[in-house]
Every structure is written in structure tokens, then in C-alpha cells.
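If you want the building blocks of each chain, they are given just below.
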Amino acid sequence: MTETAKAVILHLGLIAVLFALQFVLPAYHHGNMARVMVLATYAMGYNLLFGYTGLLSLGHAMFFAAGMYGMALTVRHLGWTPPPALLAGLLSGAVLSALVGALALRTVGVAFMIVTLMFSQAAYLTILYFTTWTRGEEGFVLQQVQRVFWGIDPSDPTTRYFLALLVFATCLMLSLWLVRSGFGKVLIAIRENEDRAQMLGYDIFAHKLGAVVISGTMSATAGAVYALLFGYAGASFAGVQYSILPLLWVLLGGAGTLIGPFIGALFTFYLIDITSGYTSAYMAVVGAVLIALTLFARQGIGGEIRARVWRGLP
Amino acid sequence: MLASLEGAVTAAVLALTAVGLSLVFGIMRVVNVAHGEFFMLGAVLAWWVSSWFGGHVAIGFVAALVIAPMLVGAVAALADVTILKRIDYDPERTIVVTIGLLYVIQQVVLMTYGPEARPVEPPFNTRLALPWFEWGENGLQLYWPWGLSTTSYKLFVIAAAAVVLEAVWLLMRHTKMGLVMRATQLDGEMAQVFGIPVERVYAFTFGLGAGLAALGAVLIVPIQQAHYLMGGDPLLLSFIVVIIGGLGSLPGTVVAALLIGMSDGIISVFFSPTLAKILATLLVALVLVFRPQGLFGTRTA
Amino acid sequence: MSLLSTSGLSKEFGGLRAVHDVSFALEEGEVRALIGPNGAGKTTFVGMLCGRIEPSAGTVRFDGTDISRLPAHRRIRAGMAYTFQITSVFARLSCHENVALAVRRRKGNVAKDVPEALRRVGLADRAEQLAGDLSYGHQRLLEIAMGLAQKPRLLILDEPTQGLADSEIEDFVALIRELKAEATILLIEHNMAVVMEVADAITVLNFGEVLAEGAPAEIRANREVQAAYLGTG
Ligand SMILES: Nc1ncnc2c1ncn2[C@@H]1O[C@H](COP(=O)(O)OP(=O)(O)OP(=O)(O)O)[C@@H](O)[C@H]1O
Ligand SMILES: [Mg+2]
């Protein structure tokens, strides 16, 4: 079996398992899993930049929020139906990431991290500033009637599950195609050795900018779909915490692997779900896991699989 | 005038906190995202220490002033030895790990100290009237208008910060410890070759940086209350100050702290606080993009 | 017309004149060796040719056009290839992928050109190994393979034989002879035996300036060069 066939089978297999789970899992987990799949899509977007291009952003929440508000604000204030509103969400993410990328990519390393953090903070504060429209921290709810489109009702749990799966599966297979394409291989080359990639004649800035825009747009897709499926938009999704979480998911699941973001998001979601049953200080767990991962398991779960089981894991 | 005195208090505390961050960055090349939490820890410990000591409020306060920064410094030094050292101060991993530290400290405080904001009483708090000059019939005249007053405690904060900053400066410039720290800053490996105990210097520096933030916090708790989420703003502001002042430059940091602390009050007269914050964060981002050496610095960072 | 020429090319590092007012021309098809003592400015000079280092003054022309303002990747695309003095490969990628990245950039045939380039440097049987697992000498050869795979018009090699075993150096000399027909070669080299064997002409750099230029025999006989570099006299 060729590496490509193996990779396609693995990822289609994951999608099939998630499809089957809908019929097996108790109802309580349907909502959770839908959320995990949407957040995993966000993490996949993050991973394209962090895991595959080697650029550590601390500001991806602004892209997630761009999608979320691009969708939710057009529905709430302009009365748009979900399809064009979703598109507005994607577009907001694409435009914002192109802008931020063009500026932030003039810096490297730690400065890049801080610049993205600062831009994201500015985006968060901007949402607070326009509280009249965004309802700030408190956020606002999208009514069921506003979310129905083409006879589909995203507030129905089963529908919601399958919509989340559809988006997740699409982004997963797109990512698989991307990282195996010539463009994706150049991103990996840049991650591995930027100098060498440049001296092979690759335009580093253009490739990085492309990565930022693809990554930002995928994150925005997750944000827009989140608003659609869960009918809510709030400023906390633009806060620092939501920039840190995808980093945590990806580190845990394995940076630079396609299944890593999903594994990380799933694991963290249930970890927090369980801990928050005991204490309101559940973010302590997030902190401790971040420290432990950095100290003891840099590769994450996916990285371990790659090291021990299958070197070709995409 | 009054606004600028309030601004001076902000600036004084900010300068302490930011100099702590700047020292750590300058000498260890570590971006400490948990710096704001060391600040918060200082405030919370100040509350604990001062409420533990009975007697006159001043006793508790002085105890807090000494104990809280020491404890925070010790915690930070411990974190340096157990965590940062083990990842070899790799810049990106350091940021991730200090983010982890941020959440751990913040949430442990939430679990133990709780979500309430608590005040610490100032050791003294006399109201002082301030003089005002005006041209009257007989030339320059001195007034003591009623509305223009401050408390002796605020003046004390400003003075204390100035003294501590001066001490840090002397430490860096005129003591053996300072020399050793600066040598380490220039070239860690070289310093090691010359027998400088780099590891201990790093632990000390990280502790000192955190201790300065904690000291700033102890000074401010009689004015603001201690709360487990209070670390966010000092972190953001210190970042702004350190970046604008030129990464790792102490004089630049102090100048920038004064500028930002003082202008904070003035800016918020014209803009809403949120808008002011938006502008400040964007300014920092753009400074990093277009002038990474800071607004005042000349050397490249 | 020369394939590559510079005029008045200079670089200062904060007062240090690393390269000063170098005017230089390279003919198509020639193998030119660039020699000079440590710190003479050789790496800095070729860095300015291929756009890694921005000159303080002067211009670079390649194939008749002024490329002084082009970024490095555009110069590479115009037909230059560069190997680093300090080996630089994609350590965590396979040898095959290392070379494939070079082939794909010029839209070449990966299935054919990658094995071909690996074969020419003698790494054919190591295609699937991770580049980082190769010995130092093999990593240097891999980097040369990446240079070949770009099918460049000008190949710049910065001390390619450093760290190679004697037998590998012999193979390298044979390879350069073979390449002569395909590309112009600018070779920085400390190993004088290699230089004498492969170079059509030699340029000697000393303290950032051209000390001498000419055929190998002339350079060998030049007293100044001997004093500055060969240390024999
Ligand atoms: N980035 C830099 N900053 C400051 N000085 C530099 C820099 N790069 C090179 N130099 C200095 O410029 C001079 C020329 O260096 P260069 O590397 O070009 O020499 P070289 O001829 O390649 O030497 P070698 O044979 O050792 O490789 C040296 O004195 C070096 O220290
Ligand atoms: Mg050199």
C-alpha cells in the first residue's frame, strides 16, 4: 500500500468512526462531540501555521472571532440567512489574516508571538468597545429561526452533530491534500530550515503569508460554524484564553500531524469537562498540562505515533 | 496637576513591574508571560501577611513589604530552576511554559484565596493639600485650594519606587553582582567559561524580576484591592513599556513607564479607557513591527 | 559578455570592511576558485552575489541584468544555486525530499531528477534516510546534490570539501570536472590541491580586496599571494 493510500484510509477511517459514534454515543455526548469537532477544526487551522510552517501565533482567537462575528453580526443586524453569513465570516477571517500576516510577518520568533498577541488583544478590545452591537463579554444569542437554512435546523442535536462532522471532515481532507501538495511541502521546508528553503529559490514571505491566510480562514470557518451551531457569539471567544487553547490542543495532540488537533481538542475538552465538575479553577489543569508537555512530551501524542509506529504519518 | 500625581503613582508602580520584566528579558532573553501573576501574587501575599500580623497596620504593612517580594522571588527562582532551566531557555518553549505558569499561579490563588477582592489598609494616609500658584495683583501668589489634595501614602509610593529603582541601578552598575549579571547578558556561554555561576545568576535574576513586580503590587494594594485576576493589566502595560522603551534597556524602560503611566490619566480624558487600551496595544504591535529597537533605543534588539 | 559581474561591491559590518570595492567578472562555462585567508571576506562576497547579504555599496549583474535589488529567491530563480559553508540541509526530511524540494521549485521531473542528482554525488542508496542521520561528509554531498538538482547556470560552492574524506574529495573533483559542461562554477576552497586541479582561474581575496587574479600557475607564482596566503614565500 502506498503512503498516500495509507494516509487517506487513516483519515477517512477517523471520519467514519465519528459518523458511527453518532448512533452509539448517549445523547449527552452529541453536543460535546459537535463542539469538539468544531474546536478541532479551529485547532487544525492553527496547526497549519504552527505545526507545519513553524510559526507560533498567540493571537488566533482574533481569527476565530472574526468568523464568529462575521457570521453572527450579519445575521443579527442585517438579517442575513446563514449561507451568506457564513461566507461573510470566512471572508472576515481571510481579510483580517491577510492584514495581520502582512504586518506580523515582518517580525520573527518571539516578536512574532507578541505582535500576534497584541493584535488579537486589540481585536478583543474592539469587540468590547462596540458593545452596542456586540453585547461585549455577555454576548448575544442567535434565535433558532435565524439559524434555519434550506430546511436544515442546526439547533437540532443530530443535525448539529452531522453539520459539525461535515465541516470537520472537509477541513481534515483539505488539510491532508494541502500538506501533501507542493505548497504544503514548502511550508514544511520553511519550518525545518528557512534559510535553506530560501536559497532553493522559494519566496519565504509569500509562502508564510499564504499559510497565515489559510490558517486564519480555517480558524474563522470554525468560529462562524460555532456561531451557527451553538447560536451564540461572545467576546470571551476573542480573549487570550482562546488563543492559548489551540496551542495547547495542538501541542498535546502532536504539532504537525493532521489527527493531532482532534486528539488534543477531544482530550482537553473532556479533561476540562471533568475537572470543572470539581473546581471552578479548571484552568489550572490547562496550565499544568502545558508545563508538563513542554517539559516531557514535546512531540505530543501524534508525534509519539510518528516516532514509534509510522514515520509517514502526515 | 492632580491627574499627573495620580499618574505618577501609576507610573511608579509600573516602572517597578516593567523593570522586573525588562531585567529578565535583558539578561536571560526570557519573555516571562507569568510576570503579571507574580505581581498578583505579591498583592495577595501582602493581604495575607498584613492580616496575619496584629497590632498597628503599619507593622503588617512593613512586614508585607519585606516578606511578599521575598516569597514571590523565591517562588520565581524555584520555577526557574525546576522548569525554565530544564528547557534550556528556548525562547518559544519558554513562552509556552510561562503561559502554563500563569494559569497555575492564577488558579491556585483562586482556589486558596478565593474570587473576592480584598483591601489592605495603608500604614498612614494623611490628606495633604497641595499648593497652587497663580498670578494675582501682587505677582505670583501661593494658594492652598481645597480640592487639590493627595494622601501622604501616594507620595510615599512614588518615593519608595524611586529609591528601589535607584537601588536596582546601583546594583547593576556598581556591584560585583551587577557586573556578573551584565557579563552573563553579553554572552552566557562565555560567562560560564570564565567561571561565572550562570545558573545561579539566572535564578537570582528571575527571582529579582518577579520580586520587583511583587514589590510594586504591595505598594499598590492599599490603593487598589488584591484580586486573583489583577495580573492582566500590569502584564500588558509592562509589555508595552518594555517594548516601547527598547527591549532590555533599563533607562528606556523607566522613561517609557513614566511616559505611559503619566499619559494614562491624560489619554483617558480624551478617549474611553477601552479605546485608549486599543490604541496602546496597536502602538506596541506597530513599534515591534517597524521599530523593534523601541521608540527610544538605538541598538537593534 | 560575462555571466556574472560586480562593480565596486563593498560590505561594512559596523566599521569593519569585510569586502571593499570588488569588481569581478565570471565568464560563462568557467570554473573559478575564490581563495583567501580566514576572514578575507569570501563568504560575505558570495553572500552578496546571491542576495543573502545586502551590500553597503556596488552592483551585481547576472546574465546582463542588474540584480542588485532582487531578493535572494529571485536570484536563485534566475539561475544561481548556493551551498552553505556551514552545512545546511533539512535534517528531519529524507534525502529524497531534500533534493525533491530543489527539483520541484523549477518544476522539474521529481521521479527522474532526484535519483539522478543523488547518484551523481554517490548517495543513491540513501534516498530514504533522514538527512540528519547522514555523516557530516554525506550531508555536504547532499547539499551539493540539492545544488545540482536545481540545474543552475551558476553554482556557488562555499568550501564544499571541508570535512570530506580523501576518497570523497577525489570523487568531488571528478564531479566538478563533469559539471563544467553544464554550469559555471564559483568555488570557495581552502584545499589548494583541489583548486589547482579544477580551477580555470583563481581570484585571491585578502582583507576584503582582490589581491590577485589569474591562471592557477600565475597565482602560484605570485609573491604577494604567497606572502598573504600560502605562507611559503
Ligand atoms: N554578520 C556579520 N557581522 C559582523 N561581522 C561579520 C559578519 N559576517 C562576517 N563578518 C566579518 O567579516 C569578515 C569576513 O568574513 P567572511 O565570513 O566573509 O570571511 P571568509 O573569507 O569567508 O572566512 P573563512 O575562510 O573563515 O570562511 C570577518 O572578519 C568576519 O568576522
Ligand atoms: Mg567563509
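Quick look at the structure, then. These numbers come from a predicted model, not from an experiment.

1. Some details on the interface of chain A and chain B
Logical step 1: Counting residues at the interface gives 37 residues for chain A and 35 residues for chain B.
Logical step 2: Between chain A and chain B, roughly 3200 Å² of surface is buried when both sides are summed, and carbon and sulfur atoms account for 82% of that area.
Logical step 3: There are zero salt bridges connecting chain A and chain B.
Logical step 4: Those elements that provide at least two residues to the side of chain A that touches chain B are helix H5 (109-129), helix H12 (240-253) and helix H14 (283-296) of chain A.
Logical step 5: The biggest single contributor to the side of chain A that touches chain B is H5 of chain A, with 14 residues.
Logical step 6: Residue composition of the side of chain A that touches chain B, by class: 26 nonpolar, nine polar and two charged.

2. Observations regarding the interface of chain C and chain A
Logical step 1: In this complex, chain C contributes 25 residues to the contact, which on the side of chain A involves 17 residues.
Logical step 2: Overall, the association of chain C and chain A removes approximately 1900 Å² of surface from exposure, summing both partners, and the carbon and sulfur fraction of that is 57%.
Logical step 3: On the surface where chain C and chain A come into contact, there are three salt bridges.
Logical step 4: Joining chain C to chain A, the criterion identifies 11 residue pairs in polar contact (both at pLDDT 80 or more).
Logical step 5: Counting only elements with at least two residues in the side of chain C that touches chain A, the list comes to helix H2 (72-77), strand E6 (80-83), helix H3 (95-105) and helix H5 (136-149) of chain C.
Logical step 6: With five residues, the top contributor of residues to the side of chain C that touches chain A is H3 of chain C.
Logical step 7: Taken together, the residues that form the side of chain C that touches chain A break down as 12 nonpolar, five polar and eight charged.

3. Let's talk about the site of ligand 1
All names here are of chain C.
Logical step 1: Contacts to ligand 1 come from 13 residues, most closely from Gly39, Lys42, Thr43, Thr44 and Gln85.
Logical step 2: Contact distances for ligand 1 include 2.9 Å between an oxygen atom and a side-chain N or O atom of Asn38.
Logical step 3: Measuring from an oxygen atom of ligand 1, one finds a side-chain N or O atom of Gln85 at 2.8 Å.
Logical step 4: Across the complex, the protein chains shield 61% of the 630 Å² of accessible surface that ligand 1 would expose by itself.
Logical step 5: Counting residues per element, the ones that place at least two in the shell around ligand 1 are strand E2 (16-26) and helix H1 (42-49).
Logical step 6: Sorting elements by how many residues they give to the shell around ligand 1 places H1 first, with three residues.
Logical step 7: Across the shell around ligand 1, the residue classes tally to four nonpolar, seven polar and two charged.

4. Observations concerning helix H15 (residues 300-308) of chain A
Logical step 1: Three or more residues of H15 of chain A are buried, namely Gly300, Gly302 and Gly303 of chain A. One side of H15 of chain A holds all its buried residues, which, seen down the axis, span an arc of 115 degrees.

5. Things to note about the side chain of Thr268 of chain A
All names here are of chain A.
Logical step 1: As for its position among the elements, Thr268 is in helix H13 (residues 260-275).
Logical step 2: On the basis of relative accessible area, Thr268 is assigned to the buried category, the value being 3%.
Logical step 3: Beyond its immediate sequence surroundings of up to four residues, Thr268 is in contact with Leu248, Trp249 and Leu252.

6. Overview of the packing of aromatic side chains
Logical step 1: Under the defined criterion, the tally for this structure stands at 28 aromatic pairs over all chains.
Logical step 2: Relative to Tyr113 of chain B, the ring of Trp47 of chain B lies with its centre 5.5 Å away and its plane at 85 degrees, an arrangement referred to as edge-to-face. Here Tyr113 of chain B lies in the loop between helix H4 (91-112) and strand E1 (127-129) and Trp47 of chain B lies in helix H2 (residues 35-52), a separation of 66 residues in the sequence.
Logical step 3: Overall, Tyr113 of chain B belongs to the buried group, its relative accessible area being 2%.
Logical step 4: With a centroid separation of 5.9 Å and 75 degrees between ring planes, the pair formed by Trp48 of chain B and Tyr113 of chain B is classed as edge-to-face. With Trp48 of chain B in helix H2 and Tyr113 of chain B in the loop between H4 and E1, the pair connects residues that are 65 residues apart, well separated along the chain.
Logical step 5: Note on Trp48 of chain B: relative accessible area 36%, which makes it partly exposed.
Logical step 6: One aromatic cluster is present, built from ring pairs that chain together Tyr42, Phe64, Tyr226, Phe230, Tyr232, Phe237, Tyr242 and Trp249 of chain A.
Logical step 7: Lying over the aromatic face of Phe140 of chain A, Arg76 of chain A brings its terminal NZ or CZ to 4.6 Å of the ring centre.
Logical step 8: Cation over ring: Arg118 of chain B sits above Trp47 of chain B, and NZ or CZ is 4.4 Å from the ring centre.

7. Some points on the coordination of the magnesium ion (ligand 2)
Residue and element names in this part refer to chain C.
Logical step 1: Every protein donor of the magnesium ion (ligand 2) is accounted for by Thr43 (OG1) and Gln85 (OE1), and the metal-donor separations fall at 1.9 to 2.1 Å. Of this pair, Thr43 sits in helix H1 while Gln85 sits in the loop between E6 and H3, and the two are 42 residues apart along the sequence.
Logical step 2: Note on Thr43: relative accessible area 30%, which makes it partly exposed.
Logical step 3: The class of Gln85 is partly exposed, set by a relative accessible area of 25%.

8. Focus on empty space enclosed by the protein
Residue and element names in this part refer to chain A.
Logical step 1: Taken as a whole and assessed by the stated rule, the structure comprises two cavities of 30 Å³ or more.
Logical step 2: As for the largest cavity, its lining consists of Leu49, Ser57, His60, Met62, Phe63, Val100, Gly101, Ala104, Phe112, Thr116 and Val212.
Logical step 3: Broken down by secondary-structure element, the contributors of at least two residues to the lining of the largest cavity are helix H3 (61-78), helix H4 (82-104) and H5.
Logical step 4: When residues in the lining of the largest cavity are grouped by element, the largest group, three residues, is from H4.
Logical step 5: Grouping the amino acids of the lining of the largest cavity by side-chain chemistry returns seven nonpolar, four polar and no charged.
Logical step 6: Approximately 40 Å³ is the volume found for the second largest cavity.
Logical step 7: As for the second largest cavity, its lining consists of Leu248, Leu252, Thr268, Leu271, Ile272, Val285, Val286 and Val289.
Logical step 8: Where the lining of the second largest cavity is concerned, the elements lending two or more residues are H12, H13 and H14.
Logical step 9: Partitioning the lining of the second largest cavity into residue classes produces seven nonpolar, one polar and no charged.

9. Side note on the sheet that holds E2 of chain C
Residue and element names in this part refer to chain C.
Logical step 1: Ordered by their spatial adjacency, four strands build an open sheet running E2-E1-E4-E5, and the pairing between neighbours is antiparallel. The sheet is open, and its two borders are formed by E2 and strand E5 (65-66), each paired with just one other strand.
Logical step 2: Sheet topology note: the strand E1 (residues 4-13)/strand E4 (residues 57-62) ladder contains five bridges and is antiparallel. Paired with Ser7 across the strands is Thr59, a residue of E4.
Logical step 3: Lying over the sheet, H1 contacts E1, E2 and E4, oriented at roughly 120 degrees with respect to E1.

So, how was this worked out
- Residues numbered from 1 in each chain as written.
- Chains lettered and ligands numbered in written order.
- Predicted model: local features only at pLDDT ≥ 70, side-chain atom pairs only at ≥ 80, totals over all residues.
- Heavy atoms only, no water.
- Contact = heavy atoms within 4.5 Å.
- Buried area = accessible area lost by both parts, 1.4 Å probe.
- Salt bridge = Lys/Arg side-chain N within 4 Å of Asp/Glu carboxyl O.
- Helix = DSSP H or I, 4+ residues; strand = E, 2+ residues; numbered from the N terminus.
- Nonpolar A, V, L, I, M, F, W, Y, C, P; charged D, E, K, R; others polar.
- Polar contact = N/O pair within 3.5 Å; in protein donor to acceptor, adjacent residues only side chain to side chain.
- Near = heavy atom within 4 Å.
- Areas by Shrake-Rupley, 256 points an atom, 1.4 Å probe, with all protein chains shown as cover.
- Buried < 20%, exposed > 50% of the residue type's maximum accessible area, 1.4 Å probe, protein only.
- Arc of directions from axis to C-beta.
- Phe/Tyr/Trp six-rings, centres within 6.5 Å; stacked < 30°, edge-to-face > 60°.
- Lys NZ or Arg CZ within 6 Å of the ring centre and 35° of its normal.
- Donors = N, O, S within 2.8 Å, 3.2 Å for Na, K, Ca; no water.
- 1 Å grid on protein atoms, 1.4 Å probe; cavity = no way out; pocket = protein on both sides within 12 Å on 5 of 7 lines; lining within 4 Å.
- Points joined across faces, edges and corners; volume = space filled by probe spheres on them.
- Pairing = 2+ DSSP bridges.
- Axes fitted to C-alpha atoms, helices over the stretch in contact; angles between N-to-C directions.

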